Amino acid sequence: MRTKHLAFSILFVFIALIIGGCRKEIPLNIDSKDRKIVVNGILIPDSAVCINLSKSSSIAEKDLNEYRYIENANVGLFENGILVTHLTSTNNGYYKSDNDFRPKAGNFYKLIVEHEGKTASSEFFLPKKELNHSIDVKKIRSYSFEKDDSVVYSLKIYISINDNGNNKNYYCISFGYPVFQNRYYGKDLPISQIIIYNSKFTLYSPAVEFSNFNYLNDDEKLEKGIYGQFVYFSNELFRGQKHNLRLETNLSPFYVKEGKDSATFYLYISMIDENYFRYRKYIAEYDNDDDFFSEKVQIVNNINNGIGLFSGITCIVDSFSIAINEFPSMLIQQ
Amino acid sequence: MKKKILAFLLLSLCSQLIFGQRYTISGTITDASNGELLPYSTIIDSVSKKGTLANYYGFYSIKLDKGPVKIMCSYAGFNPSIISFNLTKDTTINLTINSTTEIEEIVVTSSTNKLRSTQMGLVEIPIQETKQLPVLLGEADLMKTIQLMPGIKGGTEGTSGIYVRGGGPDQNLILLDGVPVYNASHAFGVFSVFNSDAIQSFNLMKGGFPARYGGRLSSVIDIKMKEGNNKEFHGEGSIGIISSKLTLEGPIKKEQSSFLISARRTYFDLFTVPITMAASDGKNVGGYYFYDVNAKVNHKFSEKSRLFLSFYTGLDKVYMREKSSYEGNTRKNEAGTGWGNITTALRWNYILSDNLFANFTGTFSQYKFFIEEESNNSNNNDFFSYQYNSGIVDYAAKIDFDYIPHAAHNIKFGTNSIIHTFNPGVNVQKENGGNNNIDTTFGNKNIYATEISSYIEDDIEFSPKFKANIGLHYSFFSVRSRTYNSFQPRLSGRYLLNNNIALKASYIQMMQYIHLLTNSTIGLPTDLWVPSTPNIKPQEAWQTALGTEISLNKGYSLSVEGYYKEMKNLIEYKEGASFFSEKDDWEGKVVQGKGWSYGAEFLLSKSTGKITGWIGYTLSWTNRQFESISFNKVFPYKYDRRHDIAIALTYKHSETFDMGATWVYGTGTATTLATEEFNGYDTFFDNFNIPKLSGAYVHYYENKNQYFEHRNNYRMPAYHRLDIGFNFHKQKKWYKRTWSIGAYNAYNRQNPFMLVLEKDYESGQNKLYQYSIFQILPYFRWSIKF
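Reading guide: rules and limits
- Residues numbered from 1 in each chain as written.
- Chains lettered and ligands numbered in written order.
- Predicted model: local features only at pLDDT ≥ 70, side-chain atom pairs only at ≥ 80, totals over all residues.
- Pairing = 2+ DSSP bridges.
- Helix = DSSP H or I, 4+ residues; strand = E, 2+ residues; numbered from the N terminus.
- Axes fitted to C-alpha atoms, helices over the stretch in contact; angles between N-to-C directions.
- Buried ≥ 20, exposed ≤ 12 C-beta atoms within 10 Å, placed from the backbone.
- Domains from an automatic or database assignment.
- Contact = placed C-beta atoms within 7 Å.
- Nonpolar A, V, L, I, M, F, W, Y, C, P; charged D, E, K, R; others polar.
- pLDDT = per-residue confidence, 0-100.

1. Quick look at the sheet that holds strand β48 (residues 754–760) of chain B
Line of reasoning, step 1. Taken in spatial order, the 3 strands line up as β1(A)-β49(B)-β48(B) in an open sheet, and their pairing is antiparallel. If you trace the sheet from one side to the other, it starts and ends with β1 (23–26) of chain A together with β48 of chain B, each paired once. Each strand of the sheet is rotated relative to its neighbour by a mean of 40°, with strand direction disregarded.
Line of reasoning, step 2. For β1 of chain A and strand β49 (residues 765–771) of chain B, the ladder comprises 4 bridges, and the chain directions are antiparallel. Paired with Ile26 of chain A across the bridge in β49 of chain B is Leu768 of chain B.

So this is what it looks like as C-alpha cells:
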C-alpha cells in the first residue's frame, strides 16, 4: 500500500501547488481569557488517591508549552454522595487525600473542584472487584525461529473470561515482565507486540498500546522496569458469555535476579469505567491522527464545566513464572 | 379519511366528464431553428385559461371544450408561439417556437411555468444565460450557475460539488439524458463535466420531488443534451486560456435524423511539461489534463416514434514520468492517477395515442478512479507495476408512461431497474526481478446490488385555482442477501390566489441506497461510492415546504419558500478515519447519524428587458448529530451557512455587446479547529508489578492535547466575490464571432479555502493561516458559431 500513497502524493502535490501561493495569517477569534479547569484523576480500589489539576491554555497563547498547574483549589471527593475527603495540593498540580482515604470498588465517586469562582465536577462508578469472571493461564509455550541471525521468543497465553452479563463491561488486559532497560540497550529496546487471536470483541485500533514503567529509585531500578502492554475491549459481542482469547507476544530480553532460576510474568485483568475505556480509545485515535485528510479526533471529556477525565480501574493480577533455561538468550542476569 | 379523499377524486373526475364536449389537442414542441424537442414547455389556452406542461420529451396533450381556442406555447429563453383555431375534433399540432437569441429583446417566460406548476423548489435557467454570466477562466459552467440560486450552496472555493438545503454532495441525482453521473467535476471540482455547448436545457429541483424521481434525498438535476440540428449543419467552437472546445451538429437525413458531437480538452500540461523537464534536466515529466466528449444521434421513424442514442465520456489524468541512469543502467518510472465517467443512453419515444406517451430507456453509467505506477530497469529486466481501481458501474432499464385521460389529470407511471456493481478499491501488484516474483490482487471485493423502483403520480386540477400533484414512489434494494424497500409518498399543491400569486406547499419522503464516502476536509476523486449493506442502512429524509410565487409587473417575479428537512442514516467517516487509513475496511471506517435543515429562500428575478437576472437570499440552519462524533453533540454541518446572497445580472446592450456580473456572499464555512490545549495525562500504575495492589499509586505522564468543543466548531471568514464579464459579438459572413473577456474575483478577495494552525517557533505561539485558491483571475475566450 506504500505505492498507493506514493501515487497519491502526486495528487497532493498538485493540490498544494494550486493553493500554495495564497497563504496569509488571519486573526484567531478565540476568547483567550476564559480558561477551563483540567482534571486528570484515576481512582484504584484500596489505593491512595492522587489527581492532577491544571488550566487549559488558549491555542493562541504565547507560552503554550507551560503547564498551568492549579495549586490552590478546593477539592472534595464524595463516595456515594457523602464527602469522604478533601484533596490538598502537593506540587505541580497534584492533589492527594488529606486523610489517606482509599476508594472501594463498587461505589460511586464524585469530584468537585472549586477554583477562582468556577466549579468543575465529575462522577463515575468504580467497577466492583468481584470481577465475575475467571482467568486461566492455560498454556504457555515457547518457540523460536531464525531471523537476521537472532532468536526471537514468543509466548502464547490463553485466557477465559466469564462476562457477568452486565449491559456494558469494559476490560483492560495488561501483560508485563521485567525487562532490562535503557542501561545497556538505550532507546533501541525492542518493542513487543501482542497479537490477539480468536477475538470477537470490538478491537479499537491500535488495540495494543505500550508504555514503559518508570523506576522509583536506583535500587529498585531493574525490578521496576516492567514492560507493560495494554489491550482494551468491551463485552459488546460476548455479553453474559464465556469468552476465550489468546495473547501472543514476542519477548524482549528480560531480567532475572542473580541466583534465581525463573522470571515472574504478570497478567493484569481489569474492569474499567466506561469513561476510561473511551478515553483510551480516543487517545489511541488521537495519537495516530497523522493523516491530513483524516477527521479530527476529539478526546473524551467527562468533566462538567471543565476538561479531562475522572475515572477508575479495578484490577486483579495473576502471575506465572518462566524458567530461565527456556529462554537462555533472553536472560540477562546481574 | 381515505374514503373521503377517494370520493372527492371521483367526483372531480366525473364533474369534468359531464360538462361539455371535449377534444384532445396533442403533439410535440420543437425549437424552430434546429428541430430539437423542448422539455417542459408550457401550453395555455388563453380562451379557457386551461394549460398543461409538455413532458421531458416535448410531448403534450390537453383536452379542451369544443369551440375557439387560442393556444400559446412558451419555453424559457424562447419567444412564445400562438395559434388560434376552432376545435371541432381531436387534433395533432406539432408546435415550433423560436429562440430569443434571434430577436432583439430577451423574453423569458419561465415565471408563467412556475406560477401555474405544482412543482416547488424548481430552478430553471436558460442555457444562453449561463453563457452570458462571467465564469471561472471563461469556462461556462452550469453547475456553477445553479450555485447562484437560493438554497443551493457551493462547496469550498473552486469546487463544483453542491449542497442543497443542508444535504450532502451525494444526495443530488445528477442525470445526463436520464443517466446518473457519479462524479460531476473535473480538476478536483474546479469545473463541472458538463460542456455547456452540448447542453440543451437543465433544471434543478430542491424539494417537492414528483414521484417519478427517486434514489437521492436532496435534489434532482436534470440535464438534457442537445439532440443535434436536423435541419442544417452548424458548429461552434472556442479557444480559451485553459481549454478549447468544438461542437458540430447537423442532419444525417434532413428533418429525420441528426447528430451532435462535442469535445473539450484542457492544456495545463502544455505549461507543466516544459517546467518539470527544465527543473529536472529533462529527466522528469509531469502534467495534468482533462477531456470530455459528448455525442448524440437521433432518428425520427415517424411523427410518433423517435430513437435517441447519447454518449458521454470524460477523463482527468495527473501523470509523472521519470527516467534515471546510473552506470549504463536506465530505470524508468511512470506514475499517474485518473478518474472519469462514461455514460450511455439508448431511448425510444413512442406516442401510443393522442393521450398516451411511452418512453423506453436503457442506460449504462460508469465512474472509475485509478492509481497506477510502473517501473522497469533496462539492464536486468526488473519490472514493477501497481494499480489501484475503485468505482461504480450501473446498467439500468426503465419504462415511463404519460397518460392524459382528461383535462384535469396528467398521470405519469413507470418502473426502473438498476444493477449496481460497486468496487470499493482493488489493488493489483506485479513484480519481477531479484528474488521477487509477485502477481497478486488484494483489497475489497466487488459488491453487487439491484435497485428497482416504480412510481405513479397524477397532476390533478381540482379547480382552476387549486392543483395538486399526488404520487407514490416505491423502491427496493437488494444487497448481500439483505433487502430494503420503502413507499415514499409525494404531495405538492398549488393554489392561485389570483392570476399573479400562487401559494404552494409540499411534503415528500425520500430514500437513498447509495452513499458517497467523503472526507469533510475536501472533496476528492478518491471519494468512494458505496452501497447500503446489512450494516450500513439506507439514508432517509422527509421534507416539507411552504411558499409563494408572485408575478410582478415588468417581468419581475418573487419567490419565497420556507422548508424543513430531516435526514437519518447519513454517513460520515469516524473520527481519525480517512480514505487512506488502512486499519479497517470502508464499512468499519464510517458511522451513521442524523441531520436536519431548515430555512427560508427568497428569489427576486427579472426575466424581460435588456437587464435580466436575479437576487437570491437564503437564511438557513443545518445541523448533524452522530453518536460517535463529538460524543453525540449536535454540530453544524460544514456547509451550514446562515446567510447566503447571490446577485446575477446580464445586460444586453445590443446585438454586438452584452455583459454579465455576479456577486456572492456567504457566511463562513464551518471547520474544526482546536481552540485550547490542556494537560492530557497518560496514566500508569506504579506497583502494578506487585501482585497485591495495596498502596499502589497512580502516576501521570504529562502530554499536551488539543481541545475543541465539537466538530465544525469554528467559522472561516465570510466568503464574497464579484465576477464580471463582457461579450463582444460580430456577425461575419460565414460565422458569428464572440470575444469574451472578464475577471473572476474582480476585487481580488482572498477567500478561505482552508485554515491551518501553525506554530511559530520563534514566539512559541500558534498562528492561524488561511489558504486561498483563486485570487483575481482574468480570462478571455474567442468563440465562433456557424
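On we go.
2. Concerning unusual backbone geometry
Line of reasoning, step 1. At Glu116 of chain A, a residue that is not glycine, the phi angle is positive and equals roughly 45°.
Line of reasoning, step 2. A tally of 10 C-beta atoms within 10 Å means that Glu116 of chain A is categorised as exposed.
Line of reasoning, step 3. Despite not being glycine, Phe631 of chain B shows a phi value in the positive range, around 55°.
Line of reasoning, step 4. Tracing the backbone shows Phe631 of chain B in the loop between β38 (611–626) and β39 (635–636).
Line of reasoning, step 5. Its 15 C-beta neighbours within 10 Å are what place Phe631 of chain B among the partly exposed residues.

3. Comments concerning the domain arrangement of chain A
All names here are of chain A.
Line of reasoning, step 1. The domain boundaries assigned to chain A delineate domain 1 (37–125) and domain 2 (144–294 + 313–333).
Line of reasoning, step 2. Between domain 1 and domain 2, the residue contacts involve 6 residues of the former and 5 residues of the latter.
Line of reasoning, step 3. A class-by-class count of the residues in the side of domain 1 that touches domain 2 yields 6 nonpolar, no polar and no charged.

4. A look at the sheet that holds strand β17 (residues 199–205) of chain B
All names here are of chain B.
Line of reasoning, step 1. With mixed pairing, the 5 strands of this open sheet are ordered in space as β10-β17-β18-β13-β14. Here the strands that pair on one side only, and so sit at the sheet edges, are β10 (122–124) and β14 (179–180).
Line of reasoning, step 2. In the sheet, β10 pairs with β17 via 3 bridges, with the strands oriented antiparallel. Bridged to Val123 within β17 is Leu204.

5. Remarks on the pairing of strand β23 (residues 305–326) of chain B
Residue and element names in this part refer to chain B.
Line of reasoning, step 1. Of the strand pairs in this sheet, strand β22 (residues 284–302) and β23 are connected by 18 bridges, and their pairing is antiparallel. What sits directly across from Tyr289, in β23, is Lys317.
Line of reasoning, step 2. Adjacent in sequence and paired antiparallel, β22 and β23 are bridged by 2 residues.
Line of reasoning, step 3. As paired strands, β23 and strand β24 (residues 329–353) are joined by 20 bridges and run antiparallel to one another. Looking across to β24, one finds that Ser305 is bridged to Tyr350.
Line of reasoning, step 4. Counting the residues in the hairpin turn of β23 and β24 gives 2 residues, including Glu327, whose phi is positive at 50°.

6. A short note on the environment of Glu116 of chain A
Line of reasoning, step 1. As for its position among the elements, Glu116 of chain A is in the loop between β8 (108–115) and β9 (118–125).
Line of reasoning, step 2. Residues Glu116 of chain A and Ala73 of chain A, 43 residues apart in the sequence, show an inter-C-alpha distance of 7.9 Å.

7. A look at the confidence of the model for chain B
Residues and elements named next belong to chain B.
Line of reasoning, step 1. Averaged over every residue, the pLDDT of chain B is 85; residues scoring 70 or more account for 90%.
Line of reasoning, step 2. Averaged pLDDT values for the elements of chain B fall to 51 in helix α1 (residues 2–18) and rise to 96 in strand β32 (residues 501–512).
Line of reasoning, step 3. Counting interchain partners and residues more than four positions distant, the pLDDT-below-50 stretch residues 11–19 has 6 contacts.
Line of reasoning, step 4. Here residues 684–699 is a poorly scored stretch, pLDDT under 50, and it has 40 contacts once near neighbours within four places are set aside; other chains count.

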